[in-house]
Amino acid sequence: PGSYLRDSWNILDFVVVCISILLLFSDGNSSLAGLRSLRAFRAFRPLRMINRAPGLKLIVNAMFASIPDVMNVGAVCTLFFLIFSIVGVTLLKGQLRECQGPHFRTHIEGHAFMYPEEASGYLYEPYKWTTSDSDLVAAFSASSSLFTGLETDCPADMPCCVAGFYDRKEGDLEPYNKIHPNLWGSTPPTSMDVCECLGGTWDLVGCDGDGCTNQVFDNVGSSMLAFFEISSTEGWVDVMNYAQDTRGIGMQPARDVNKYISMFFVIFMLIGCYLVMNLFVGVIIDHFNEMRKEAEGDLTYLTEDQQAWVKTQQIAIRMKPKKKIFPPGDFFGNWCHSIVLKKWFEHAIMFCIVVNTVVMMLGSYGDSSEKVAALEGMNYLFAAIFTIEMIMKLAAMHNLYFHDSWNRFDFVIVLGTLVGLFLKLVSSGDSSNTQVTTVIRTFRIGRIFRLVNGAESLNQLFNTLLLTIPGLVNIGMLLILLYFIFSVMAVQLFATAGFNGAYNQDANFRNFGTAFMTLLRFSTGENWNGFMHDLANGPEECNEEIVFNADVCGFADKTDDRCNAAFEGLDWYQDVGGCGKPVIKVFLIIFQLLVGYVFLNLFIGIILEGFDTADETKKSIKPEDFERFTEHWQEFDPHATFYIDISALGDFVQTLYAPWGFGDYVATTNEVRAKITELDLKVTKDMRVHFKDVLMGLSKEAVKTEFLLQKMAEHNIEMDFIHRASAPLWHKVPRVTAEPGADFKIGHHYAAEIVQQYMKKYILGKGAE
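Predicted model only: the values in this text are computed from it and were never measured. (Residues numbered from 1 in each chain as written. Predicted model: local features only at pLDDT ≥ 70, side-chain atom pairs only at ≥ 80, totals over all residues. Heavy atoms only, no water.)

Asker: Hey, could you run me through the overall build of the protein in this one?
Answerer: Within the protein one finds 29 helices and six strands. When each of the 769 residues of the protein is scored for burial, the buried share is 41%. A separation threshold of at least 6 residues defines the contact pool for the protein, and within that pool the share at least 24 residues apart is 68%. On the protein, roughly 41700 Å² of surface is accessible, and the fraction owed to carbon and sulfur atoms is 60%. (Helix = DSSP H or I, 4+ residues; strand = E, 2+ residues; numbered from the N terminus. Buried < 20%, exposed > 50% of the residue type's maximum accessible area, 1.4 Å probe, protein only. Contact = heavy atoms within 4.5 Å. Areas by Shrake-Rupley, 256 points an atom, 1.4 Å probe, with all protein chains shown as cover.)

Asker: What is the right way to look at the environment of Met 350 in this model?
Answerer: As for its placement among the helices and strands, Met 350 is situated in helix H13 (residues 343-362). With a relative accessible area of 10%, Met 350 lands in the buried category. For the pair Met 350 and Leu 451, spaced 101 residues apart in the sequence, the C-alpha separation amounts to 6.5 Å.

Asker: Got a minute to help me understand the packing of H13 against helix H14 (residues 369-397) in this structure?
Answerer: Working note: a packed helix pair is described by the angle between its axes plus the distance between those axes. Where H13 meets H14, the closest approach of the two axes is 10 Å, and the angle between their N-to-C directions is 155°. Considering their axes alone, H13 and H14 lie roughly antiparallel with respect to each other. H14 is crossed by H13, and the crossing has left-handed handedness. Mapping the contact onto sequence places Phe 345, Glu 346, Ile 349, Cys 352, Ile 353, Val 355, Asn 356, Val 359, Met 360 and Leu 362 in H13 and Lys 371, Leu 375, Met 378, Asn 379, Phe 382, Ile 385, Phe 386, Glu 389 and Lys 393 in H14. Its residues assigned to classes, the contact of H13 with H14 comprises 13 nonpolar, two polar and four charged. (Axes fitted to C-alpha atoms, helices over the stretch in contact; angles between N-to-C directions. Parallel < 35°, antiparallel > 145°, perpendicular 65-115°, else oblique. Left-handed = near helix turned anticlockwise from the far one by under 90°. Nonpolar A, V, L, I, M, F, W, Y, C, P; charged D, E, K, R; others polar.)

Asker: So what exactly am I meant to see when it comes to the packing of aromatic side chains here?
Answerer: Any pair of aromatic rings gets described here by the distance separating the centres and the angle formed by the planes. Inspection of every chain in the model, using the stated rule, returns 40 aromatic pairs. The ring of Phe 499 is capped by Arg 510, whose NZ or CZ atom sits 4.1 Å from the centre of that ring. (Phe/Tyr/Trp six-rings, centres within 6.5 Å; stacked < 30°, edge-to-face > 60°. Lys NZ or Arg CZ within 6 Å of the ring centre and 35° of its normal.)

Asker: Just to check I follow, could you spell out a nonpolar patch on the surface for this structure?
Answerer: Taken together, the side chains of Tyr 4, Leu 5, Ile 11, Phe 14 and Val 15 define a hydrophobic patch exposed on the protein surface, amounting to about 440 Å² of accessible area. Examined against the element boundaries, Ile 11 turns out to sit in helix H1 (residues 8-26). The partly exposed category is assigned to Ile 11, whose relative accessible area is 37%. (Patch = residues over 30% accessible without salt bridge, like charges linked within 9 Å, V, L, I, M, F, W, Y side chains within 5 Å. Salt bridge = Lys/Arg side-chain N within 4 Å of Asp/Glu carboxyl O.)

Asker: I would appreciate a short explanation of the packing of helix H19 (residues 469-494) against helix H20 (residues 512-522) in the present structure.
Answerer: In the contact formed by H19 and H20, the axes pass within 9 Å of each other and the chain directions differ by 120°. Put simply, H19 runs oblique to H20. The hand of the H19/H20 crossing is right-handed. Along the contact surface, H19 presents Ile 480, Tyr 483, Phe 484, Phe 486, Ser 487, Val 488 and Val 491, while H20 presents Phe 512, Ala 515, Phe 516, Leu 519 and Leu 520. Taken together, the residues of the contact of H19 with H20 sort by class into eleven nonpolar, one polar and no charged.

Asker: In this structure, what is going on with the state of the cysteines? I would like to understand it.
Answerer: Put plainly, two cysteines are in a disulfide when a covalent bond ties their sulfur atoms together. If you walk through the whole model with that rule in mind, you get four disulfides. What pairs with Cys 99 in a disulfide is Cys 195, and their sulfur atoms sit 2.1 Å apart. Residues Cys 99 and Cys 195 are joined by a disulfide whose S-S torsion is about 80°; by sign, that bridge is right-handed. One end of the pair, Cys 99, is in strand E1 (residues 97-100); the other, Cys 195, is in helix H7 (residues 191-197), with 96 residues separating them in the sequence. We classify Cys 99 as buried; its relative accessible area is 2%. (Disulfide = S-S within 2.5 Å.)

Asker: What should I look at first to understand helix H8 (residues 220-231) in this one?
Answerer: Note: α-helices contain 3.6 residues per turn, so residues at a spacing of three or four share the same orientation. For H8, with twelve residues, the first-to-last C-alpha span of 16 Å sits near the 16 Å given by 1.5 Å per residue. Extensive coverage of H8 is indicated by the burial of nine of its twelve residues. Sitting at the amino-terminal end of H8 is Asn 219, which places a side-chain oxygen 3.1 Å from the backbone nitrogen of Gly 221. The first or second residue beyond H8 is Thr 233, which carries a positive phi of 65°. (Expected span 1.5 Å × (residues − 1). Polar contact = N/O pair within 3.5 Å; in protein donor to acceptor, adjacent residues only side chain to side chain.)

Asker: For this particular structure, what's the right way to read unusual backbone geometry?
Answerer: With the exception of glycine, the majority of residues adopt a negative phi angle, and the majority of peptide bonds are in the trans configuration. The phi torsion at His 398 lies on the positive side, around 55°, for a residue other than glycine. Structurally, His 398 can be placed in the loop between H14 and helix H15 (405-427). Within the chain, Asn 527 stands out as a residue other than glycine whose phi angle is a positive 50°. Checked against the element boundaries, Asn 527 lands in the loop between H20 and helix H21 (528-537). Take Asn 527: its relative accessible area is 26%, and that puts it in the partly exposed class.

Asker: Where do I start with the side chain of Asp 410 in this structure?
Answerer: Following the sequence through the fold, Asp 410 ends up in helix H15. Residues contacting Asp 410, with those up to four places away along its chain left out, are Glu 389, Tyr 401, Arg 447 and Arg 450.

Asker: Explain the environment of His 690 to me, please; I cannot follow it from the model alone.
Answerer: Mapped onto the elements of the fold, His 690 is located in strand E6 (residues 688-690). Taking the C-alpha atoms as reference, His 690 lies 9.9 Å from Ile 646; in sequence the two are 44 residues apart. Sequence-distant contacts of His 690, that is, excluding residues within four places in its chain, are made with Trp 633, Phe 642 and Tyr 643.

Asker: Any chance you could explain the confidence of the model for the protein here in plain terms?
Answerer: For the protein, per-residue confidence averages 77 on the pLDDT scale, and residues scoring 70 or more make up 75% of the total. Note that residues 171-175 has pLDDT below 50 and, in this model, three contacts with residues that lie over four places away or in other chains. (pLDDT = per-residue confidence, 0-100.)

Asker: Looking at this structure, I do not really get the side chain of Gln 215. What am I missing?
Answerer: Note that Gln 215 resides in the loop between strand E4 (201-204) and H8. Note on Gln 215: relative accessible area 9%, which makes it buried. Reaching out from Gln 215, the side chain makes a polar contact with the side chain of Thr 213 at a distance of 3.2 Å. There is a polar contact of 2.6 Å between the side chain of Gln 215 and the side chain of Glu 229. The residues contacting Gln 215, other than those within four sequence positions of it, are Leu 96, Ala 226, Glu 229, Val 239 and Asn 529.

See below:
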């Protein structure tokens, strides 16, 4: 009692349950209808599974631990955005607008006097107003072609304008700096005044195209939102191009008249996007790495030698011996065994894979029948070559063929190729079977991945990526959980909004599946801001009170004919048609910060850390050294029992490559035994040593030797001297003790042999006397 709410995860569940109970009372009660939006918080319940997954919990704890520093960096980011926003308001407030509309396109644009082309005409230079210009007076007369199809209002001694233009009050025009026509004689009008006088529409730039620009700089709030949008690199070039055309408040834009303002946007992208936002992401990733180091054991306070040794041991733990492939005993198997294990055979297969890939690249739409036949024949040839390769390896290795992951991969590819060829032969022109066959045969391109195993650098890269998979899986699971939560919340909050612009049948929050795919698209930065503004604005005609009706799209199944009519804009009223939801701006900004900036970048952080670890490990021991050790172990333990006899251990170390063994250096018996004694190996009752003990012992000594060689190389000291210096003399073997219950080590065995030899000499000497 009293401890339930002391756990943060229990508090989360308590809040969700309370909200669910509260919503039960809101159903059917119009006075509590506003509480229904709280149902979106029920989507947080899946977060409780994080507490039961250590990997996910580590990531979330790192996120919470980084909150103080994130707040500090967030303040810095906000400061930078605020500075740019203030400058943006100073430079661009009230601008990014132009004359447009149907009447503008049909009568004003292209008029010989008013606006014959961009950067010319009276609309472009309204400050040239004068009653002494006969052309200007004629343009604003009731009989002017500019007013065709429009009613006009022509007060005495004043220019004619469209009906209703003179009804506006001067006080209503002040926010836009409009000049009333009765003041044009003393105060020159703007392009906006002329445009609206002639029946045009003065609106945000781009409205005559795919949609009005949503990024404006009229105040600090809208300016900060605009800069946040373009910091995601979404549509920033369009905004910059519009800004380059601005000429002042109320003036018709012209191409590149203000081109130097582009430097302002370039500077923002360099500072606000690449520096400040990545600083925000970097703090979270840094805390995540620190939390993981604390969980796995921090190596910060270890020396360079100690860190290299720890990382080497981590790799050594994952190694295991391989069975040696012996000739199977039959004629065909022995013959295949003598071929498939040769290096030239593997190189020949790699060459065939490359050529086969090139052949598949040559196919294209509209190929002649001769080319199609030639390519098909070559594909059959390569299919036969790879099938023969698989059969020969199976004959030479038998069950051991499937012990290698690359062989299993190749087996699946060959089997899929054969199935594809069989289906093609039996399809007999059936289009459905032909499509299935084409898909199956396309998987042949996967064979190119075998080049990874043949190229050392590619293999290292591939193995490094494999090492990062556990961390990537944890991040991926948490990312999917976030997509799920945001998708459920989006459906709860925005499902009833009417279609408008980018919020359409392809991208919407009407159901979970579409919402999930839409958010997945937004995490790549694809038009998330355009979608946000269109959903926030909503359709021009909308229903403020949404009541369930199975006859309208949104409540009806999306495959219903009524939905098709609504989707095509034929009958908008057949759609649920809810009004816009401005809260979508907060929703998508949080989503972009959390998913688009943080979690997707965590993937990159984990991969880069994997490469850093691989690079640090290669400074002492390369990954291929472990593979060479395993291959050398095969010669002494062909059946992969994990054990070899201690009598063979001397030959094993002597022939093992340097610096693990002696390599080409022919060591004395004393030197070999001294090196083996330093390994401190455990010996079983049947006088054998384990694979992992030998591997970890030799890798430890190899790290020490590697650093010793680096220091000795500066003084040109030969390798032979190092071996002799590191080997104690025979009569100076260290004292060993064997306490009751202690492990029997290799040093004890060698000490026993020394005692036994001296006892034999003593007994033989006594007998001779």
